[in-house]
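Architecture and fold: a report
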Amino acid sequence: MDRFLFKFACFDCRVSFKKAATNNIEQYNAHLPEAELSHNCMNCGNKMAFMGRQFQPPPKSDLSGWKSAQLLWEHGFRFVGNGFHSSPALPKKKADTLTFISENTEHNQKVSFSVDWEAYKTTT
Ligand SMILES: [Zn+2]
C-alpha cells in the first residue's frame, strides 16, 4: 500500500513520515495539494505539515535544506505531481528560497495557501 502514502514533515524535529492523507480513494493521486487527515509528529507531538507525494526530506543535519522546505511549504508549495512540467525545480538551499518564491508566483507546484508554521503546528 506504499503508493497511497504521502509525506508529512515536522520542521522543528527535521523528520518526515509517510502517512495516509485521505480516506477518499478518488483522491489517491500524486497531485493531492492538501491532506484531509492530520498526523502528529512522533517526536514532539505537534501537527505535521503535509508535503505531498514527492517530498525528499533533507538529511537531519541539513538545516538550510529544512529551512528551505519550510519556507516553500509556508508559501503554498507542495511536492506534488510527476516532475514533468515547465516550472523550475524547487530550491534546496535556504539562501535561494525567498528569491525563488518571489520569482515564481505562478509555479506549477504552488498549489495551496500560505500558512504560518508556528501557528499551524499547534492547531488540532
Ligand atoms: Zn516534531
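Our structure is the block above this text.
As a convention, each chain's residues are numbered from 1 in the sequence order in which they are written. Residue-level local features of this predicted model are given only where pLDDT is at least 70; pairs of side-chain atoms are given and counted only at 80 or more, and the full residue set underlies all totals for whole chains, interfaces and linings.

Within the largest apolar cluster, 21 residues are counted, with the highest numbers of intra-cluster contacts made by Phe8, Ala9, Met48, Ala49, Phe50, Met51 and Trp73. Distance between backbone-placed C-beta atoms decides contact: two residues are in contact if it is within 7 Å. For Met51, the residues in contact, after removing those within four places along its chain, are Lys7, Phe8, Ala9, Ser16, Trp73, Arg78 and Phe79. In this usage, the nonpolar core is the set of buried Ala, Val, Leu, Ile, Met, Phe, Trp, Tyr and Cys residues whose C-beta atoms join them within 7 Å. Exposure classes come from backbone-placed C-beta atoms, where a residue is buried if 20 or more other C-beta atoms lie within 10 Å of its own, exposed if 12 or fewer do, and partly exposed in between.

Taken in spatial order, the 3 strands make up an open sheet running S2-S1-S3, and their pairing is antiparallel. Where the open sheet ends on each side, the last strands, each with one partner, are strand S2 (15–19) and strand S3 (49–52). For this sheet, the mean inter-axis angle between neighbouring strands, taken without regard to orientation, is 35°. In short, DSSP must find at least two bridges between two strands for them to pair. We count a stretch as a helix when DSSP gives it H or I for four or more residues in a row; a strand needs E for two or more, and each element gets its number in order from the N terminus. Each axis is a line fitted through C-alpha atoms, and for a helix only the stretch in contact is used; angles between axes span 0 to 180 degrees, taken between their N-to-C directions.

Okay, the pairing of S2 next. With 5 bridges connecting them, strand S1 (residues 6–10) and S2 associate as antiparallel partners. When the sheet's bridge partners are listed, Lys7 is paired in S2 with Lys18. The loop that links S1 with its antiparallel partner S2 comprises 4 residues; one of these, Arg14, has a positive phi angle of about 55°.

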